[in-house]
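What the coordinates show
Here are the chains, one letter per residue:
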Amino acid sequence: MTAQTTIKPAFDAEAARAQFPILSRTVYGKPLVYLDSGASAQKPAVVLDAMRDFAQTDYSNVHRGVHFLSAAATDAYEAARRTVQKFLNAAREDEIVFTKGGTEAINLVAYSYLMPTIQPGDEIVLSVMEHHSNIVPWHFLRERCGAVLRWVDVDDDGSLDVAALDAAIGPKTKLVAITHMSNVLGTVTPLKDIVARAHAKGVPVLADGCQGAVHEIVDVQALDIDFYCLTGHKLYGPTGIGALYARRAHLKGMRPFNGGGEMIREVSRDRITYADPPARFEAGTPPIIEAAGLGVALEWLVGLDRAAVAAHEHDLIAYARQQVSQFNWLKVIGDAPGKGAILSFEADGMHAHDLATILDREGVAVRAGHHCAQVLMERFDVASTTRASFALYNNRADVDALVAGLAKAREVLHG
Amino acid sequence: MDNALRELYQEVILDHSRHPRHYGAMEGASHKADGYNPLCGDRVTIYLKLGDDGRVADIAFEGKGCAISQASASMMTDLLKGRTREDAEKLMEGFLHLVKGEDAPGLSDDDRETLEVMGGISEFPMRVKCATLAWHTYKNAVEEGAT
Ligand SMILES: Cc1ncc(COP(=O)(O)O)c(C=O)c1O
């Protein structure tokens, strides 16, 4: 057998940027500087075009008709599932469940996997840097089933305290639910190590990959992870679509969450049997065009040299970090080694919303607030932060615009 | 600089946000209410002493949040102190019009001049809630906040 290497073209950030039509627009007469990709990424023309083309030529409902278009749409939908499978390197395509986003993927695990078996006093281990979508479903189990949430702290630089996580996993732990990458701090967690430690104690692990899947290369088999969640709109794809990877052994034992069409084997007046996974968890008409769009987005992303993309993003965050260090009134929150391209900060005497409003008028879109991470805000004793989050289409000029906008905000608010 | 921004963050507003008037908890308030904007985390607490004559005998606030929310609260306390509740109601109505960029026919010239300082917010629809938080909280204190 001969080893095969596929040579991908070198990553050209400017060429990639040119593929995003929205990035050439202006706001308030200024060029748009989009630094809010952590909330939602823009979409390249290939994705937008493919969705329109699909709707114009191959669209119909899936898995239902015998007609030509039904087959075409089903093929596209299932091809997208295989694309997600490859993207995560899952062993089987039926380990990929389409959901409406990352939030629904996590809720599915909470309702279908954990809720049926959890007992009062059972524990769920999670970190203080989780997004609310990886907190609230577990709070439901606390409220409704008496589960106990065990919180793992982060260090002052935002690194996960892995030893503390290990120590928090005890005989009553039923799940470790942990982010792959923090949407506020940019911290990337050592998933492989976490999974190994949890599995050593027989505890499964769920990773919230809504941010992580965008910036890291994910191999669920190498990670040996149980559940991995992603969301399409942060992955340069459309809204309304996401996915749950779950091991076949888990999925087979899970009860359905939504009931409706497509998820049954047989229904009679007093009996029901369910379809095999993944159909069991995809009740009703799914977001078909969006699934196809996600497939195209992922194909596009893996067609790039992702190591080079990561290097580009790391260069941006390092440059941004260095540039803002000139402001002695600005405090960066989250400086973990190897962190992803997210810069959160607090500014002395300037509230995040005032800052974001002034930046906005300069064309610079950032997010201000608690970023759906109130537990983390409490940990760092801040009410809100300003967050600039970078994507592969950003460049150093975007960082320069951010820095100029910050200097201006200081002038407006402090004279 | 951008005129809309200059309007919004004019000196009067920045001064109120840096040196808020009537700031701090009030002992013996007859009415009190908390206001919270979950979207941005702005918080204000309004304390009132409502006199038997129906006037706002005393008013104070505490809070945390953006310059606009805190300046608006400070200006409001300045304006409302000593007013009758009916007057206060009219002021609030006028203010709610002004921050949306609408006419506020019911205001006296003096009040209009004071409140127009906040009119610049109408160019920033995402921020109007910051400016109105204190006023809604005042109303809530009067109507449901008897201590
Ligand atoms: C870390 C993280 N988890 C989960 C989510 C939720 O994703 P969605 O809103 O697409 O379901 C987000 C995005 O807001 C996120 O950043």
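Described in the following lines is the structure provided in the data block.

Each value, and the rule that gives it
In this numbering scheme, every chain counts its residues from 1 along its sequence in written order. Labels follow written order: the first chain is A, the first ligand is 1, and so on. The predicted nature of this model means local features are confined to residues of pLDDT at least 70 and side-chain atom pairs, given and counted, to a pLDDT of 80 or more, with totals for whole chains, interfaces and linings taken over all residues. Working from all heavy atoms in the structure, the side-chain values ignore hydrogens and water. Only runs of H or I of at least four residues qualify as helices and only runs of E of at least two qualify as strands under DSSP, and these elements are numbered from the N terminus. Two things to know: the radius of gyration comes from C-alpha atoms, and the globule rule equals 2.2 Å times the number of residues to the power 0.38. It only takes one pair of heavy atoms within 4.5 Å for two residues to be counted as in contact. Per-residue and other accessible areas were derived by the Shrake-Rupley procedure at a 1.4 Å probe size, with only the shown protein chains allowed to occlude residues. Here Asp and Glu are counted as negative and Lys and Arg as positive; His is not counted, and neither are the chain ends. In this description, the location of a charge corresponds to atom NZ of lysine, CZ of arginine, CG of aspartate or CD of glutamate. Take the buried residues of types Ala, Val, Leu, Ile, Met, Phe, Trp, Tyr and Cys, join any two whose side-chain atoms come within 4.5 Å, and each joined set is a nonpolar core. Relative accessibility thresholds used throughout: buried, under 20% of the residue-type maximum; exposed, over 50%; partly exposed, between the two (1.4 Å probe, protein chains only). Nearness is defined per residue: one heavy atom within 4 Å of the molecule or strand is enough. N or O atoms closer than or at 3.5 Å make up a polar contact, with two conditions inside protein: a donor-capable atom paired with an acceptor-capable one, and, for residues adjacent in sequence, both atoms drawn from side chains. Only Asp, Glu, Lys and Arg are considered charged in this grouping, and only Ala, Val, Leu, Ile, Met, Phe, Trp, Tyr, Cys and Pro are considered nonpolar; every other residue, Gly among them, is considered polar. Should DSSP find at least two bridges between two strands, the strands are regarded as paired. To get an axis, a line is fitted to the C-alpha atoms, and for a helix only the part in contact is used. The angle between two axes follows their N-to-C directions and goes from 0 to 180 degrees.

A tally of helices and strands in chain B yields six helices and three strands. Going from N to C terminus, chain B has its helices and strands arranged as α-α-β-β-β-α-α-α-α. For a compact globule of 147 residues, the expected C-alpha radius of gyration is about 15 Å, and chain B comes in at 14 Å, within 12% of that figure. For chain B, the share of sequence-separated contacts (at least 6 apart) that also reach a separation of at least 24 residues comes to 58%. For chain B, the computed accessible surface area is about 7200 Å², with 46% contributed by carbon and sulfur atoms. Within chain B, one finds 17 positive and 26 negative side-chain charges whose respective centroids are separated by 4 Å.

Across soluble globular proteins, you tend to see nonpolar side chains buried next to one another. In this structure, A:Phe390, A:Leu406, B:Tyr9, B:Leu48, B:Ile68, B:Trp135 and B:Tyr138 are the most contacted members of the largest nonpolar core, which totals 79 residues. The element contributing the most residues to this core is helix 6 (residues 128-144) of chain B, with nine residues. Setting aside anything within four residues of it in sequence, one finds B:Leu48 in contact with B:Met26, B:Ala29, B:Ser30, B:His31, B:Val56, B:Asp58, B:Ile59, B:Tyr138, B:Ala141 and B:Val142. Among the nonpolar cores identified, the runner-up in size contains 73 residues, and A:Ala80, A:Val162, A:Ala198 and A:Ala292 belong to it.

What follows deals with the site of the ligand. Residues and elements named next belong to chain A. Taken together, the residues surrounding the ligand are Gly101, Gly102, Thr103, His131, Ser133, Asn183, Asp208, Cys210, Gln211, Thr231, His233 and Lys234. Here an oxygen atom of the ligand and a side-chain polar atom of histidine 131 are 3.1 Å apart. A distance of 2.7 Å is found between an oxygen atom of the ligand and a side-chain nitrogen or oxygen belonging to histidine 233. In isolation the ligand offers 400 Å² of accessible surface; the protein chains occlude 85% of this area. Class assignment for the residues of the shell around the ligand results in one nonpolar, nine polar and two charged.

What follows deals with the sheet that holds strand 2 (residues 42-50) of chain B. All names here are of chain B. An order of 1-2-3 is seen for the three strands of this open sheet, with the pairing classed as antiparallel. Edge positions in the sheet fall to strand 1 (31-37) and strand 3 (56-64), since each has one partner strand and no second. Ignoring which end each strand starts from, the neighbouring axes of this sheet average 15° apart. As defined by bridge partners, strand 1 adjoins strand 2 across seven bridges and the pair is classed as antiparallel. For tyrosine 36, the partnering residue across the bridge sits in strand 2 and is arginine 43. Across the sheet, helix 3 (residues 67-80) touches strand 2 and strand 3, and the angle it forms with strand 3 is around 170°.

This brings us to the pairing of strand 2 of chain B. All names here are of chain B. Across the nine residues that make up strand 2, a large majority, seven, are buried. With antiparallel pairing between neighbouring strands as the criterion, strand 1 and strand 2 make up a hairpin whose turn holds four residues, including glycine 41 at a positive phi of roughly 85°. With eight bridges joining them, strand 2 and strand 3 adopt antiparallel strand pairing. Among the inter-strand pairings, isoleucine 46 is bridged to a residue of strand 3, identified as phenylalanine 61. Two successive antiparallel strands, strand 2 and strand 3, enclose a turn made up of five residues, where glycine 54 displays a positive phi of approximately 80°.

Take it as geometry only, folks, not as evidence of what the structure does.
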